[in-house]
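# Structure assessment
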Protein chains: 2
Amino acid sequence: LHPELDTPCLLVDVDRLDANLARMAALAATRQVVLRPHAKTHKSPAVAARQLAAGARGLTVATVSEAEVFAAAGFDDLFLAYPLWVTPAQGARLRALLDIVTLTIGVDSPDSARALAAQVSTQLPRDLRDRLRVLIEVDSGQHRSGVPPDDAGELAEQVRHAGLDVRGVFTFPGHSYAPDGRQSAADDEADALARAAAALTKRGIAAEVVSGGSTPSVGLAPNFDPSTGAGAMTELRPGVYVFGDAQQWELGAMQPEEIALTCLGTVVSHAGGQLVLDSGSKALGADRAPWATGHGRLLDHPGARITGLSEHHAVVQWPGGAPRPELGSRLRVVPNHVCNAVNLADRLLVVANGRIVDTWPVAARGANT
Amino acid sequence: LHPELDTPCLLVDVDRLDANLARMAALAATRQVVLRPHAKTHKSPAVAARQLAAGARGLTVATVSEAEVFAAAGFDDLFLAYPLWVTPAQGARLRALLDIVTLTIGVDSPDSARALAAQVSTQLPRDLRDRLRVLIEVDSGQHRSGVPPDDAGELAEQVRHAGLDVRGVFTFPGHSYAPDGRQSAADDEADALARAAAALTKRGIAAEVVSGGSTPSVGLAPNFDPSTGAGAMTELRPGVYVFGDAQQWELGAMQPEEIALTCLGTVVSHAGGQLVLDSGSKALGADRAPWATGHGRLLDHPGARITGLSEHHAVVQWPGGAPRPELGSRLRVVPNHVCNAVNLADRLLVVANGRIVDTWPVAARGANT
């Protein structure tokens, strides 16, 4: 495989990528909701452009610097799904962004809303003020950030009182990253968003946007139930679906045939009868959920497991009986968590019909602030 | 702390760094061995220059591209401590390197030695050939790469037969990264290196270089025992000691007062009574050894633990009874594994007396190939 390439390097199978984009766009269309994919997975304007072409509307980002990269690349409708604490320096950057994009920002406390208002909205020229919107972050069970659903109305009122334009609610059902946890997380999400939206309505604040979605749960969201209001999402924000990874494979959320990104590694050692690849944690990332079966998988050898991972060594347990690849062989490794693998690379090599046809810069690599 | 900085960002306490460099140089001087620190930890010519000024001789690197970065910065004596599988493309890069540096390369199989000879030494101009040297990699108990110590002599003979200049043996006692495993790993290392050196001698190949050392084990290496030959190392290659990290802290290999690198994070959420910082896995790295007490530590709050880590959220369990820092507070986070944290950053901010006094580029960030 690709003997001309220096390894480790990241390969994107563009046909699989396009199929993943089309499948998620179709799911959103069937549910009649907006698809606003999370760009933190690919950090790449080339992939974002394909997402919009395939039917997505707007992008989600995680940091101000990711917003800056995508704004500079011409994407003008961004949701920064993060409970920012806005400093004066960050306020200046957000005001510069609002000069060129519509920006929605997540809020989960009155204090952070007041900081956002003080540093941004009150200092914006009047004609730009309607470009800044806020969604209330709700905890649907991950217990990371966000308020309890029933508290969303009170917070929305406080945020509005701070002078900000509340447009609705959002959550990230991150507890869907658990074996047998996908359906219950999808149910929790639907319930939490319905209660949060109702809490806003009760205070006279319309929840125009009701936003959720993670790759493991997005296909399992319950349909709208008019009696409870559950399932009334207006927007989905999955990220990982573009490429897939070993976590999605092991959760059963994506099939190996759908995995579009791999790290090409070279067999460098047979020490101790093992197989050692040069795709270490500085290429794959060090993520390993407690339920993961290893530090990564091999796309073409589903029985193999990466049982040891250091910075430049992946020690592979090879399936019994199968012939072991020779030194110098190249194998396609599936990282456990593709978002962190992409963030380690400067570029993605685009493969079609077995040949490298393009190179996409990871323009927002390292964009953490 | 540093309200003017955008977070997360990496801070280096230069006084602590210099103390760490002096302490390791003194240890090497006491043992009368060469200190050839591993540059993969800092990836930064500015730190490497301080290491040499403090007494180190030469550098260790993990990849050809790291060698290229340090060679371009003027470091002319490099050990590439990795079992390279040399392709034609990599051979051309190694030959270009040998035009400007003395390069020692690790080998753990006859096939990889033959590839190295075919792609590099046989194609080098005659006057450059003595710049390429080889060390035989020995497995001292980590079971990653390297041959069993007693097989080092046979491999050394095969490598010499391939036309390469064997100068000795090396190992990495990576199994020192275990609670209560530091001393036994240091003992294993001493034993393995002594046996490997003896195996070379028996075949008439002088083991001029006997190289080992990891940060957790380096201070515990047994003294030279003339009856067994154990402890006769000539060279130490620790890497992490420059900065320290939560792993060294929890292994007892470094004290918190010695930790020179932290990731500055901002408190962004108090959701659910928790403390959430913006220093997630894209800033800290996702490393978590099975024995680690969390995903990272707080330098100034030793009772706190990062109990949940996602890309831009670090959920902190705060010690009972202690007042919880306010939203917007800045805290110094100690990554579990500093090598992977540094590799996520473009620059290190250098702090002296509480002020930022310099910025060091992480010149070899992402240099994986």
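Anything mentioned here points back to the structure above.
Presented here is an overview of the structure given in this document. Source: prediction; values computed, not measured.

## Notes on helix H1 (residues 14-30) of chain A
Residues and elements named next belong to chain A. Compared with an ideal rise of 1.5 Å per residue, which puts 17 residues at 24 Å, H1 spans 24 Å between its outermost C-alpha atoms and is within 8% of the ideal. Val14, Leu17, Asn20, Leu21, Met24, Ala25 and Ala28 are the residues of H1 that are buried. Relative to the axis of H1, the buried residues are bounded by an arc of 125° and lie together on one face. Structural note: H1 exposes Ala29 and Thr30 on the side pointing more than 90 degrees away from its buried face. Where H1 is buried, its residues touch strand S1 (9-13), strand S2 (34-35), helix H2 (45-53), strand S9 (235-236), strand S16 (347-352) and strand S17 (355-361). Gln32 occupies a position one or two residues after H1 and carries a positive phi of about 55°.

## Quick notes on the packing of aromatic side chains
Counted under the stated rule, the structure contains four aromatic pairs over all chains. Ring centres 4.9 Å apart and planes at 90° place the aromatic pair A:Phe79 and A:Phe170 in the edge-to-face group. Taken as a pair, A:Phe79 in strand S4 (residues 77-83) and A:Phe170 in strand S7 (residues 166-170) lie far apart in primary sequence, 91 residues in all. Relative to B:Phe75, the ring of B:Phe70 lies with its centre 5.9 Å away and its plane at 70°, an arrangement referred to as edge-to-face. Assigned by exposure class, B:Phe70 and B:Phe75 land together as buried. Taking the ring centre of A:Trp249 as reference, the NZ or CZ of A:Arg297 above it sits at 4.1 Å.

## What about the sheet that holds strand S7 (residues 166-170) of chain B?
All names here are of chain B. Read from one edge of the open sheet, eight strands run S2-S9-S8-S7-S6-S5-S4-S3, paired in parallel fashion. Two strands in the sheet have a free side with no partner beyond their single neighbour: strand S2 (34-35) and strand S3 (59-61). Alignment of S7 against strand S8 (residues 209-212), held across three bridges, turns out to be parallel. Each residue of the ladder has a partner; that of Val169, found in S8, is Val210.

## Details of the interface of chain B and chain A
At the interface, 52 residues of chain B touch 52 residues of chain A. Buried surface at the junction of chain B and chain A, both sides included, amounts to about 4,300 Å², of which 51% is carbon and sulfur. By the criterion of area lost to chain A, the three top residues of chain B are B:Tyr82, B:Arg144 and B:Lys282, representing 16% of everything that side buries. Taken together, the links from chain B to chain A amount to six salt bridges. Here B:Lys40 ties to A:Glu311 by a salt bridge, and the two come within 2.9 Å at their closest N and O atoms.

## Description of helix H3 (residues 64-72) of chain A
Quick reminder: α-helices carry 3.6 residues per turn. Residues three or four places apart thus point the same way. Looking at H3(A), one finds that the buried residues are A:Val64, A:Ser65, A:Glu66, A:Ala67, A:Phe70 and A:Ala71. Packed against the buried residues of H3(A) are H2, strand S3 (59-61), S4 and helix H4 (88-98) of chain A together with helix H9 (281-284) of chain B. Positive backbone phi, approximately 100°, marks A:Gly74, located one or two places after H3(A).

## Considering the relation of the copies chain B and chain A
Of the transformation placing chain B onto chain A, the axial shift is 0.0 Å and the rotation is 180°, giving an RMSD of 0.0 Å. Expressed as a symmetry operation, the mapping of one chain copy onto the other fits a two-fold axis. Considering only C-alpha atoms, the part of chain B nearest the rotation axis is B:Ala286, at 2.5 Å. Same-surface contact between copies: 100% of interface residues of chain B are shared with the interface of chain A.

## Looking at the pattern of salt bridges
Per the stated rule, a full pass over the model turns up 40 salt bridges over all chains. Residues B:Arg93 and A:Asp6 are paired through a salt bridge, measuring 3.0 Å at the closest nitrogen-oxygen approach. Here B:Arg93, found in helix H4 (residues 88-98), pairs with A:Asp6, found in the segment before S1, and the two come from separate chains. We classify B:Arg93 as buried; its relative accessible area is 17%. A:Arg167 is paired through a salt bridge with A:Glu208; the nearest N and O atoms lie 3.8 Å apart. Highlighted residues: A:Arg167 in strand S7 and A:Glu208 in the loop between helix H7 (182-202) and strand S8 (209-212), separated in sequence by 41 residues. Beyond isolated ion pairs, a larger network of salt bridges with shared partners links A:Asp346, A:Arg365, B:Asp346 and B:Arg365.

Reading guide: rules and limits
Residues numbered from 1 in each chain as written. Chains lettered and ligands numbered in written order. Predicted model: local features only at pLDDT ≥ 70, side-chain atom pairs only at ≥ 80, totals over all residues. Heavy atoms only, no water. Helix = DSSP H or I, 4+ residues; strand = E, 2+ residues; numbered from the N terminus. Expected span 1.5 Å × (residues − 1). Buried < 20%, exposed > 50% of the residue type's maximum accessible area, 1.4 Å probe, protein only. Arc of directions from axis to C-beta. Contact = heavy atoms within 4.5 Å. Phe/Tyr/Trp six-rings, centres within 6.5 Å; stacked < 30°, edge-to-face > 60°. Lys NZ or Arg CZ within 6 Å of the ring centre and 35° of its normal. Pairing = 2+ DSSP bridges. Buried area = accessible area lost by both parts, 1.4 Å probe. Salt bridge = Lys/Arg side-chain N within 4 Å of Asp/Glu carboxyl O. Least-squares fit on C-alpha atoms with pLDDT ≥ 70 in both.

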